[in-house]
Amino acid sequence: MTEQSNAGPDAEIGLDLIAPELLAPSLRRLALSAIGIGVGVGLLLALMVTWPLAVATGVVLGAPTALYAITVQRRRIRLSGTVIRSRTWMGERRLDLADAVGVEILVRPGRLSRIVLRATADRDIRIVPLAMYTDSGDGRELHTLGLRKLADALANCPLAAALAVSEILVLQSRAEARDAVAEERPLYRAVRMVRDRDEVSAVVLTDADIAQLAR
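The sections below set out a description of the structure shown in this document. (Residues numbered from 1 in each chain as written. Predicted model: local features only at pLDDT ≥ 70, side-chain atom pairs only at ≥ 80, totals over all residues. Heavy atoms only, no water.)

**Looking at unusual backbone geometry**
For Asp 122, which is not glycine, the phi dihedral falls at a positive 55°. Structurally, Asp 122 can be placed in the loop between strand 6 (113-121) and strand 7 (124-133). Phi is positive for Asp 179, close to 55°, though the residue is something other than glycine. Considering the arrangement of structural elements, one finds Asp 179 in the loop between helix 4 (160-177) and helix 5 (186-196). With relative accessibility at 62%, the residue Asp 179 sits in the exposed group. (Helix = DSSP H or I, 4+ residues; strand = E, 2+ residues; numbered from the N terminus. Buried < 20%, exposed > 50% of the residue type's maximum accessible area, 1.4 Å probe, protein only.)

This is the structure in structure tokens:
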């Protein structure tokens, strides 16, 4: 049993689709490689051009990738009660689902289709990844406890859409808990639904779509 499995009702729960500790080593290697390439190219060019130009070229080559790796490594999404806390390189932002004025499920179709929760409160928008699937149904899903806690938080929102999404997340968590096949998991069926329409851009599921997934 994990530490999250023993979490109380108000305990902070991680909502990262891929555990940060799993990504950290790869991201560190990516950052170091990018810095190494930038330095190497800069030193090589210094033999042929002026130092300022060599340094500028090295920075242009290495800095973007290194900064991206560092930024991704710092990202965290956590839920405490009804509050989503998102940490980025710019700091932490919060959104209380109980005060949300919009709750939607988006499907981004592709070779690796992604399905996310989008919540809006005032002018703030938070995105919570729920799952990603290949055509065969393989992929990664938000862990059962995260789904349950997210569903509970949405149930505290007065919006009808939030309650409908909460029900879908409960059904998904039950399917995951019993290790159901992909076709019995609402999030995967949502992805298949969008693929069957031959959509190529992100799709917001309608109330009718949500109702169909809840059957």
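**Side note on the sheet that holds strand 9 (residues 203-204)**
Taking strand neighbours across the sheet as the criterion, the 5 strands line up as 8-7-6-5-9 in an open arrangement whose pairing is antiparallel. This sheet does not close on itself; its edge strands, each paired only once, are strand 8 (139-141) and strand 9. Note: strand 7 against strand 8, 3 bridges, orientation antiparallel. Following the sheet pairing, Tyr 133 is matched in strand 8 by Gly 139. Running over the sheet, helix 4 touches strand 5 (102-108), strand 6, strand 7 and strand 8 and is turned about 50° from strand 5. (Pairing = 2+ DSSP bridges. Contact = heavy atoms within 4.5 Å. Axes fitted to C-alpha atoms, helices over the stretch in contact; angles between N-to-C directions.)

**Concerning the nonpolar core**
Of all hydrophobic cores here, the largest spans 43 residues; its most connected members are Leu 97, Ile 115 and Leu 150. Listing elements by their share of this core, those giving two or more residues are strand 2 (76-80), strand 5, strand 6, strand 7, helix 3 (144-155), helix 4, helix 5 and helix 6 (207-213). Tallying contributions element by element places helix 5 first for this core, with 6 residues. Among residues more than four places away in sequence, those in contact with Leu 150 are Leu 15, Leu 79, Leu 97, Leu 117, Val 128, Leu 130, Leu 142 and Leu 169. (Core = buried A, V, L, I, M, F, W, Y, C linked by side-chain atoms within 4.5 Å.)

**Let's talk about helix 3**
The terminal C-alpha atoms of helix 3 lie 17 Å apart, and with 12 residues this matches the ideal 16 Å at 1.5 Å per residue to within 8%. Residues of helix 3 that are buried make contact with strand 1 (12-14), strand 2, strand 5, strand 6, strand 7 and helix 4. (Expected span 1.5 Å × (residues − 1).)

**Observations concerning a nonpolar patch on the surface**
Together, Ile 35, Val 39, Leu 43, Trp 51, Val 55 and Val 59 line one region of the surface with nonpolar side chains, adding up to about 580 Å² of accessible area. Sorting the residues of the nonpolar patch by element identifies helix 1 (20-46) and helix 2 (51-74) as the ones contributing at least two each. With respect to the helices and strands, Trp 51 occurs in helix 2. (Patch = residues over 30% accessible without salt bridge, like charges linked within 9 Å, V, L, I, M, F, W, Y side chains within 5 Å. Areas by Shrake-Rupley, 256 points an atom, 1.4 Å probe, with all protein chains shown as cover. Salt bridge = Lys/Arg side-chain N within 4 Å of Asp/Glu carboxyl O.)

**Some remarks on helix 4**
Each α-helix turn comprises 3.6 residues. Residues three or four places apart therefore point the same way. Counted at 1.5 Å a residue, the expected span for helix 4 with its 18 residues is 26 Å, and the 26 Å between its end C-alpha atoms agrees. Residues of helix 4 that are buried include every one of Ala 162, Val 165, Ser 166, Ile 168, Leu 169, Val 170, Gln 172, Ser 173, Ala 175 and Glu 176, and no others. Downstream of helix 4 by a residue or two, Asp 179 has a phi angle that is positive, lying close to 55°.

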